[in-house]
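Okay, here's what each chain looks like letter by letter:
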Amino acid sequence: MNREMIVFSGSSHPGLAGAIAERLGSRLGRSRVVKFSNENLMVRIEDNVREKDVFVIQTSSSPVNETLVELLIFLDALRYASAARVTAVLPYFPYCRSDKKDEPRISVAARLMADLIQAAGADRVLTMDLHSPQIQGFFRIPADQLLAAPVFFDYFNEVLFKEESKEDFVLVMGDHGAAKKFSYYFDELQLPVAIMDKFRPDHTEKPVIRQVIGKVRGKAALIIDDEIASGGTLVEAAKFLQKEGAKRILAAAVHPVLSGRAVESLVASPIERIIVGDTVPVRPKVRDHADRFVLLDLSPLFARAIQCIHNGDSLSDLFPPSVKRRA
Ligand code: R5P
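So, how was this worked out
Residues numbered from 1 in each chain as written. Predicted model: local features only at pLDDT ≥ 70, side-chain atom pairs only at ≥ 80, totals over all residues. Heavy atoms only, no water. Domains from an automatic or database assignment. Contact = heavy atoms within 4.5 Å. Buried area = accessible area lost by both parts, 1.4 Å probe. Salt bridge = Lys/Arg side-chain N within 4 Å of Asp/Glu carboxyl O. Polar contact = N/O pair within 3.5 Å; in protein donor to acceptor, adjacent residues only side chain to side chain. Nonpolar A, V, L, I, M, F, W, Y, C, P; charged D, E, K, R; others polar. Near = heavy atom within 4 Å. Helix = DSSP H or I, 4+ residues; strand = E, 2+ residues; numbered from the N terminus. Phe/Tyr/Trp six-rings, centres within 6.5 Å; stacked < 30°, edge-to-face > 60°. Buried < 20%, exposed > 50% of the residue type's maximum accessible area, 1.4 Å probe, protein only.

K.L.:
Would you mind going over the domain arrangement of the chain in detail, with residue names and values included?
P.N.:
Partitioning the chain into structural domains gives domain 1 (5-147 + 299-319) and domain 2 (149-295). Relative to domain 2, the C-alpha centre of domain 1 lies at a distance of 27 Å. Taken residue by residue, the interface counts 20 residues in domain 1 and 18 residues in domain 2. Taken together, both faces of the contact between domain 1 and domain 2 bury some 1400 Å²; the carbon and sulfur share is 54%. Seen at the junction of domain 1 and domain 2, the total is 1 salt bridge. Ionic pairing is found between R97 and E227, a salt bridge with its closest N-O pair at 3.0 Å. Scanning the region where domain 1 abuts domain 2 turns up 10 residue pairs in polar contact (both at pLDDT 80 or more). In terms of residue class, the side of domain 1 that touches domain 2 is made up of 10 nonpolar, 7 polar and 3 charged.

K.L.:
Talk me through the site of the ligand; I want residue IDs and the actual numbers.
P.N.:
Inspection of the region around the ligand gives 14 residues, with D225, D226, S230, G231 and T233 positioned closest. Side-chain polar atom of R200 to an oxygen atom of the ligand: 3.3 Å apart, as the coordinates give it. One of the backbone N or O atoms of A229 is found 2.9 Å from an oxygen atom in the ligand. Only β11 (220-228) and α7 (232-243) provide two or more residues apiece to the shell around the ligand. The greatest single-element share of the shell around the ligand, amounting to 4 residues, is contributed by β11. By residue class, the composition of the shell around the ligand is 2 nonpolar, 5 polar and 7 charged.

K.L.:
Residues and numbers for the packing of aromatic side chains, please.
P.N.:
For the coordinates displayed, the defined rule picks out 9 aromatic pairs. Ring centres of F153 and Y185 lie 5.0 Å apart, and the angle between their planes is 75°; on these two criteria the pair is classed as edge-to-face. Of the two residues, F153 is situated in helix α4 (residues 149-163) and Y185 in helix α6 (residues 183-189); the sequence distance between them amounts to 32 residues. On the basis of relative accessible area, F153 is assigned to the buried category, the value being 3%. Judged by its relative accessible area of 3%, Y185 falls in the buried class. The interplanar angle of 70° and the centroid separation of 6.2 Å between the aromatic rings of F182 and Y184 together place this pair among those described as edge-to-face. Like Y184, F182 is buried. By the ring-pair criterion, three or more aromatic residues cluster together here, those being F152, F156, F161 and F169.

In structure tokens form, the structure reads like this:
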């Protein structure tokens, strides 16, 4: 786009937004969020954005509903301030697990989020590893989905497979959904796969693992999932894998939501290393367990994508061929 670019950060993840801006060689735009005594928010854009190509970075993180409303007000303020084009950058998409009507009389909240973001003034959306691909189709504006896989592949190849022979590993998909979503992991890594047969009997965030499909005995099991919320899936999966004779258990997930007592449960589990992206700010206690958690920097991927969108270049060139088919 033949206009000046300017990147703003909402208050949800200033660390990631700052790293992205730095990689783009620019400073973050100035803005101010005021919270009044009645809990209403006001966003004031402190830089001129008239006729500019604007990006606003706001991930879904605690307090989730407040950061969401802040984003909507931010988008509205940018529109009133005459920005030429506004891209909402959502590293972790809000309400992404509410993506279908699988119970009577419930909302498809992820679609509602898409409606709200468009209505508030976004011209485009940039996000990462959606819980399910249909969310992209909830938008009637361009919505680009980045996949964190290349960054994870680099870590696996440069660290994990140097510590232990790659042939010792089996990829364990956290559930049937993960097996479908992450099938490019098998193509790229050329490793055997096992799938956790998981179901959720209710909304207590206590999943039940019925069986593991595939061979894990004597293997280093590397569990792959899109997000860690309560940690229940990983903890139950790890117990099951241990019982089935896996010799080591590791896990990788893009979005470290780590709600409630997730960190404590994971630290007490047999998972020796948990590799996560930085789409959501992690609590200080994650850094206290630096021996168990590895945080991968996804800011270079976001910065390259923002530059591509600004220049009008293809985003698929950011991914290896196996991933490109899904991006
Ligand atoms: C499945 O629904 C997702 O892919 C993740 O497995 C899930 O979001 C993890 O949630 P939790 O950590 O609460 O089990």
